[in-house]
Amino acid sequence: MATMTHEPPLAPTRPRRFEYKVIDTGKRLEAELNALGEDGWQVVGVTTKKQLFIAPPQAIILMREIDRFH
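Conventions used here
- Residues numbered from 1 in each chain as written.
- Predicted model: local features only at pLDDT ≥ 70, side-chain atom pairs only at ≥ 80, totals over all residues.
- Heavy atoms only, no water.
- pLDDT = per-residue confidence, 0-100.
- Helix = DSSP H or I, 4+ residues; strand = E, 2+ residues; numbered from the N terminus.
- Pairing = 2+ DSSP bridges.
- Axes fitted to C-alpha atoms, helices over the stretch in contact; angles between N-to-C directions.
- Contact = heavy atoms within 4.5 Å.
- Salt bridge = Lys/Arg side-chain N within 4 Å of Asp/Glu carboxyl O.
- Buried < 20%, exposed > 50% of the residue type's maximum accessible area, 1.4 Å probe, protein only.

Summary statistics for the protein give a mean pLDDT of 80 and a share of 73% for residues scoring 70 or more. Helix 1 (residues 29-38) holds the highest mean pLDDT among the elements of the protein, 93, whereas strand 1 (residues 18-24) holds the lowest, 90.

Turning to the sheet that holds strand 1, a few remarks are in order. Spatial strand order, 1-3-2: three strands in an open sheet with antiparallel pairing. This sheet does not close on itself; its edge strands, each paired only once, are strand 1 and strand 2 (42-46). Between one strand axis and the next, the sheet turns through 30° on average, direction left out of account. Bridge count for strand 2 against strand 3 (residues 59-65) is four bridges, and the pairing is antiparallel. Looking at strand 3, one finds that V46 is bridged to I60. Along the sheet, helix 1 makes contact with strand 1, strand 2 and strand 3, crossing strand 1 at roughly 170°.

Okay, the pattern of salt bridges next. Following the criterion strictly, the structure yields two salt bridges and no others. In this structure, R16 engages E65 in a salt bridge whose closest nitrogen and oxygen atoms are separated by 3.3 Å. With R16 in the segment before strand 1 and E65 in strand 3, the pair connects residues that are 49 residues apart, well separated along the chain. Owing to a relative accessible area of 32%, E65 belongs among the partly exposed residues under this scheme.

Have a look at this one:
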């Protein structure tokens with residue numbers, strides 16, 4: 001007698017989506033980063049000079065995943 005197993009089909013997956021933010025360094029940087037961290041933002045890069053057209057000198061680049069269900 002053969003035994004058969006049934007596995008449910010895999011759920012369709014959606015591509016992960018992210019949003020990005022660039023902030024300038026300033027006097028209240030630590031407080032601003034702490035507040036952003038509470039909202040799910042993570043630091044992914046730092047510029048030390050004018051390396052990007054979108055970033056002012058000494059900027060911090062952050063990103064967070066956009067909620068998949070909204």
